[in-house]
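Inside the fold
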Amino acid sequence: MKVLYAIQGTGNGHLSRARDIIPILQKKDIELDILVSGTEADINIPYPITYRLKGLSFVFGKKGGVDVWKTYFKAKSMRLHKEINSLPVENYDLVINDFEPVSAWACKLKKKPCISLSHQAAVMVPNAPKPKKKDALGKLILKKYAPTTKQYGFHFKAYQEGVFTPVIRQDIRNAVCETGNHYTVYLPSYDDEKILSILSKVKEVSWQVFSKHNKKVTTYKNITVQPITNEAFVKSMATSKGILCGGGFETPAEALFMRKKLLVIPMKGQYEQQCNAAALKDMGVPVIKALKKKYIQDIVYWTETHTIIDVNYPDITEQIIDTLLQENL
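The structure displayed is predicted, hence computed values, not measured ones.

Rules of the game
Residues numbered from 1 in each chain as written. Predicted model: local features only at pLDDT ≥ 70, side-chain atom pairs only at ≥ 80, totals over all residues. Heavy atoms only, no water. Patch = residues over 30% accessible without salt bridge, like charges linked within 9 Å, V, L, I, M, F, W, Y side chains within 5 Å. Areas by Shrake-Rupley, 256 points an atom, 1.4 Å probe, with all protein chains shown as cover. Salt bridge = Lys/Arg side-chain N within 4 Å of Asp/Glu carboxyl O. Lys, Arg positive; Asp, Glu negative; His and termini not counted. Charge placed at Lys NZ, Arg CZ, Asp CG, Glu CD. Helix = DSSP H or I, 4+ residues; strand = E, 2+ residues; numbered from the N terminus. Buried < 20%, exposed > 50% of the residue type's maximum accessible area, 1.4 Å probe, protein only. Axes fitted to C-alpha atoms, helices over the stretch in contact; angles between N-to-C directions. Parallel < 35°, antiparallel > 145°, perpendicular 65-115°, else oblique. Left-handed = near helix turned anticlockwise from the far one by under 90°. Contact = heavy atoms within 4.5 Å. Nonpolar A, V, L, I, M, F, W, Y, C, P; charged D, E, K, R; others polar. Pairing = 2+ DSSP bridges.

1. Describing a positive patch on the surface
Taken together, the side chains of Lys132, Lys133, Lys194, Lys201, Lys203, Lys221, Lys268, Lys281, Lys289, Lys292, Lys293 and Lys294 define a basic patch exposed on the protein surface. Secondary-structure assignment places Lys133 in the loop between helix H5 (119-123) and helix H6 (136-144). What makes Lys133 exposed here is its relative accessible area of 72%.

Now the structure itself:
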């Protein structure tokens, strides 16, 4: 049996999850090929990749949102169409898709089933929390970006059948957690200058900022800025007092699993992150709209509180993979 596992390479969350899912798939009685598309990730996966494509990446801006114009110009629709049309999905018995558009659209055009195994699949289910502000375009993009025929989803809670608690990678499960003197920060949609200008105002706190824009370790007042590496980021989170991050899925889920207090700033104009923020807010996690001076007191208040959200995220990834394979092969 030939299986294609297609992974979205925008951001780090999809690839982080894949680092745990791939070795489980490799243990099964299948021939596995891996596809990665997208250009905005900071980490790699230590497995052979059969197809590495440009795909359709959302480009992070520097002011808290997606850079729409860079996303549009980087799309290069002719190249994307060529990738879709040339991908031989018909050669596979099963295509598993983590919000990856090339394989999803190739399957749709060739009328082949495409099975979603992603966070995005869970965001769209009826019982998952949604933001109060309507976003018809954002919802449409989330629905049409990588269309699939069957969905298995991950979310902060198992809101309904077919939705499971997060894949917590083994790096996180095996990390030794303690409470140090710093806070870990990961806000990839803001530039370093903006982060420094705000967090330097919270003077009684030591911040460890992980940056997409910085290639070496630098220090500014009470802030250390460093490039993103998996080992350094996991160590920083595990030894932190708390974690300040965007409204993605994996980093907040890992923070909750580590029993770290959490403060979230969802990206502007990114419907999935607004949905995540709504879910986290329902769980009691504080959320602020943007990294701005008007929210400095909210950040200060968060650093002075000690609220920990209790979650249960058991290691059931292999059970989910077994179910998916049994139901679709």
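2. Some points on the packing of helix H1 (residues 13-27) against helix H13 (residues 317-328)
Taken N-terminus to C-terminus, the directions of H1 and H13 make an angle of 55°; their axes are 10 Å apart at the nearest point. Considering their axes alone, H1 and H13 lie oblique with respect to each other. The element H1 and its partner H13 pack so that their crossing is right-handed. When H1 is examined against H13, the residues Ile21, Ile24, Leu25 and Lys27 are found in contact with a partner set consisting of Thr317, Glu318, Ile321 and Leu325. When the residues that make up the contact of H1 with H13 are grouped by side-chain class, the tally is five nonpolar, one polar and two charged.

3. A few points about unusual backbone geometry
Even without being a glycine, Lys111 presents a positive backbone phi close to 55°. Inspection of the secondary structure assignment puts Lys111 in the loop between helix H4 (101-109) and strand E5 (115-118). Although it is not a glycine, Lys221 adopts a positive phi angle of roughly 55°. The residue Lys221 is located in the loop between strand E10 (218-220) and strand E11 (223-227) in this model.

4. Describing the sheet that holds strand E12 (residues 242-246)
Taken in spatial order, the six strands line up as E10-E11-E9-E8-E12-E13 in an open sheet, and their pairing is mixed. Strands with a single pairing partner mark the edges of an open sheet, and in this sheet they are E10 and strand E13 (261-265). Recorded for the sheet is a direction-independent mean angle of 20° between the axes of neighbouring strands. Where strand E8 (residues 182-186) lies against E12, four bridges are found, and the strand directions are parallel.

5. Remarks on the environment of Ala128
Structurally, the position occupied by Ala128 is in the loop between H5 and H6. Sequence separation of Ala128 and Asp20 is 108 residues, and the distance between their C-alpha atoms is 25 Å. When sequence neighbours within four positions are dropped, the list of residues in contact with Ala128 reads Ala122, Val123, His155 and Tyr159.

6. So, the pattern of salt bridges
Considering all chains together, one arrives at 11 salt bridges under this definition. Between Asp322 and Lys28 there is a salt bridge, with the nearest N and O atoms lying 2.8 Å from each other. With Asp322 in helix H13 and Lys28 in the loop between H1 and strand E2 (31-37), this pair connects stretches of sequence that are 294 residues apart. Glu83 is the partner of Arg79 in a salt bridge, and the nearest nitrogen-oxygen pair spans 3.7 Å.

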